[in-house]
Amino acid sequence: MSSTTNSGTASRTPVQLVAVVVSVVFLLVGVLGFIPGITTDYDRLTFAGHHSMAMLLGVFAVSVLHNLVHLAFGVAGLLLARTPAGARGYLIGGGAVYLVLWVYGLAIDHGSAANFVPVNSADNWLHLGLGVGMAVLGFALLPRQRDVIRP
């Protein structure tokens, strides 16, 4: 039996669909970080570092590097979402990366050179939510034992 729908597109598992949605959100955030007005103090956007005073939606610290990381994370997610295992790895691994970023953001002095991405308190809370949310979705969408075909 074919794994295509009537429209000719390949069917996707729930974990693949969730990974695609998360990836598209990262792409959107990466693009929005480059749009004046949506990013406040856009004229103060720097490539990297805590001196970038640009704020996505007036809340989240961004820099060119920060925006490029979001875009790269979105592209990686779309590529990994082509398979269920890749999608699951993206969600669980990406969740782990964001939890590490959360801890990093808590540990560094936001006014120091260590804050090269840059991050602020709002970013830290967002990274915690993303980390937990992505990991939970990755684990929650694991195939159930009865869904696994055994020889």
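The text that follows walks through the structure, step by step, so that each part is easy to find.

So, how was this worked out
Residues numbered from 1 in each chain as written. Predicted model: local features only at pLDDT ≥ 70, side-chain atom pairs only at ≥ 80, totals over all residues. Heavy atoms only, no water. Helix = DSSP H or I, 4+ residues; strand = E, 2+ residues; numbered from the N terminus. Contact = heavy atoms within 4.5 Å. Areas by Shrake-Rupley, 256 points an atom, 1.4 Å probe, with all protein chains shown as cover. Expected span 1.5 Å × (residues − 1). Buried < 20%, exposed > 50% of the residue type's maximum accessible area, 1.4 Å probe, protein only. Pairing = 2+ DSSP bridges. Axes fitted to C-alpha atoms, helices over the stretch in contact; angles between N-to-C directions. Parallel < 35°, antiparallel > 145°, perpendicular 65-115°, else oblique. Nonpolar A, V, L, I, M, F, W, Y, C, P; charged D, E, K, R; others polar. Phe/Tyr/Trp six-rings, centres within 6.5 Å; stacked < 30°, edge-to-face > 60°.

Once that is clear, we can look at the overall build of the protein chain. The number of helices and strands found in the protein chain is four helices and three strands. If you list the helices and strands of the protein chain from N to C, you get α-β-β-β-α-α-α. When contacts within the protein chain are restricted to residue pairs at least 6 apart in sequence, those whose partners lie at least 24 apart make up 58%. Summed over its atoms, the accessible surface of the protein chain is roughly 8600 Å², and 72% of this surface lies on carbon and sulfur atoms.

The next subject is helix α3 (residues 84–107). Its 24 residues place the ends of α3 34 Å apart at the C-alpha level, agreeing with the 34 Å of an ideal helix rising 1.5 Å per residue. Burial in α3 covers these residues: Gly86, Ala87, Arg88, Tyr90, Leu91, Gly94, Gly95, Tyr98 and Gly105.

One open sheet holds the three strands; their spatial order is β1-β2-β3, and the pairing between them is antiparallel. Each edge of the sheet is formed by a strand with only one pairing partner; in this case those strands are β1 (39–40) and β3 (60–61).

Our next topic: the packing of helix α2 (residues 64–80) against α3. α3 packs onto α2 with a crossing angle of 155° between their chain directions and a minimal axis gap of 8 Å. In terms of orientation, α2 lies roughly antiparallel with respect to α3. Contacts between α2 and α3 pair His70, Phe73, Ala76, Gly77 and Leu80 from the former with Gly86, Ala87, Tyr90, Gly94 and Tyr98 from the latter. By residue class, the composition of the contact of α2 with α3 is six nonpolar, four polar and no charged.

Moving on, we get to the packing of aromatic side chains. A full pass over the atoms with the stated rule returns five aromatic pairs. Between Phe26 and Phe73, the aromatic rings sit 4.8 Å apart at their centres with planes inclined by 65°, giving edge-to-face as the arrangement. One end of the pair, Phe26, is in helix α1 (residues 14–32); the other, Phe73, is in helix α2, with 47 residues separating them in the sequence. Residue Phe26 shares its accessibility class with Phe73, and that shared class is buried. Ring plane angle 85° and centroid distance 5.2 Å describe the contact between Phe73 and Tyr98, whose orientation is recorded as edge-to-face. Linking Phe73 in helix α2 with Tyr98 in helix α3, this pair joins segments that are 25 residues apart in sequence.

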